[in-house]
Amino acid sequence: MSEALRLQHRTWSRDHFMISTDSTLLPIEKLNHAFATSDVYWALPMPEELMRETLRHSLCFGLYKKGGGEEERDEGLDLELVGFARCITDFTTFVYLTDVYVWPQHQGSGLGKWLIMCV
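Because the structure is predicted, anything quoted here is derived from the model rather than measured.

About the criteria used
- Counting restarts for each chain, with residues numbered from 1 along the sequence as it is written.
- In view of the model being predicted, local features appear only for residues whose pLDDT reaches at least 70, and side-chain atom pairs are presented and counted only at 80 or more, with totals across whole chains, interfaces and linings using the full set of residues.
- Hydrogens and water are ignored here; the side-chain numbers use all heavy atoms of the structure.
- Sulfur atoms of two cysteines make up a disulfide when they are within 2.5 Å.
- Only protein chains enter the accessibility calculation, which uses a 1.4 Å probe; a residue is then buried when its area is under 20% of its type maximum, exposed when over 50%, and partly exposed in between.
- Should a side-chain nitrogen of Lys or Arg be within 4 Å of a carboxyl oxygen of Asp or Glu, the pair is scored as a salt bridge.
- Only DSSP runs of H or I reaching four residues or more are called helices, and only runs of E reaching two or more are called strands; each is numbered from the N terminus.
- The definition of a nonpolar core used throughout is a set of buried Ala, Val, Leu, Ile, Met, Phe, Trp, Tyr and Cys residues joined through side-chain atoms within 4.5 Å.
- Whether two residues are in contact is decided by their heavy atoms, any of which lying within 4.5 Å being enough.
- By arc we mean the arc of the directions from the helix axis to the C-beta atoms, nothing more.

Engineer: Explain the state of the cysteines here, please?
Structural biologist: Evaluated as defined, the whole model comprises 0 disulfides. Residue Cys60 stays outside any disulfide, its sulfur separated by 8.3 Å from that of Cys87, the closest cysteine. We classify Cys87 as buried; its relative accessible area is 1%.

Given below as structure tokens:
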């Protein structure tokens, strides 16, 4: 298995939270909603297909609350996106960390530190 594939299919769990590098789990609409807020002042929302392509060509870390929202379901999992980090990388020698964000209601509990430790 290539290093890129190995890195794109990792998960970590802690309490009722999970971090996954599977970009197909990321709810584009919710991510775009965050990008439209002043909290994520460095980014702007994108058309869904452009966002999907951007995520597909990045190493993404989605932070999810297990048993969360109704809209984020995958293979029987009930996941609510509560944080995100994206790396631009060649999967060999270079990585640039960008778009790190934890939703305000989940800030202050160490989830952002955990997210960065997983990155």
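Engineer: Which parts of the structure should I look at to understand the pattern of salt bridges?
Structural biologist: Charged atoms that come close allow side chains of opposite charge to pair. Per the counting criterion, the structure on display carries 6 salt bridges. Note that Glu80 is salt-bridged to Lys30, the shortest N-O span being 3.6 Å. Note that Glu80 is positioned in strand E5 (residues 77–89) and Lys30 in helix H2 (residues 28–35), a separation of 50 residues in sequence. The class of Lys30 is buried, set by a relative accessible area of 17%.

Engineer: Could you clarify how one ought to interpret the nonpolar core in this entry?
Structural biologist: Where a protein is soluble and globular, its nonpolar side chains tend to be buried together. In this structure, Leu26, Leu31, Phe35, Leu55, Tyr64 and Phe84 are the most contacted members of the largest nonpolar core, which totals 18 residues. When residues of this core are traced back to their parent elements, those giving at least two are H2, helix H3 (48–56), strand E3 (59–66) and E5. Take this core: its biggest share by element is 4 residues, from H2. Dropping the residues within four chain positions of it, Leu31 is found in contact with Met51, Leu55, Leu81, Phe84 and Trp103.

Engineer: How should unusual backbone geometry be read in this particular structure?
Structural biologist: For Asp15, which is not a glycine, the phi torsion comes out positive at approximately 50°. Residue position: Asp15 is located in the loop between strand E1 (11–14) and strand E2 (17–20). On the accessibility criterion, Asp15 (67% relative accessible area) is exposed. For Asp99, which is not glycine, the phi dihedral falls at a positive 55°. What makes Asp99 buried here is its relative accessible area of 9%.

Engineer: Quick question: what am I supposed to make of H3 here?
Structural biologist: Residues spaced three or four apart along an α-helix face the same direction, because each turn holds 3.6 residues. Of the positions making up H3, those classed as buried are Met51, Thr54 and Leu55. In an axial view of H3, the angular spread of the buried residues amounts to 95°, which keeps them on one side of the axis.

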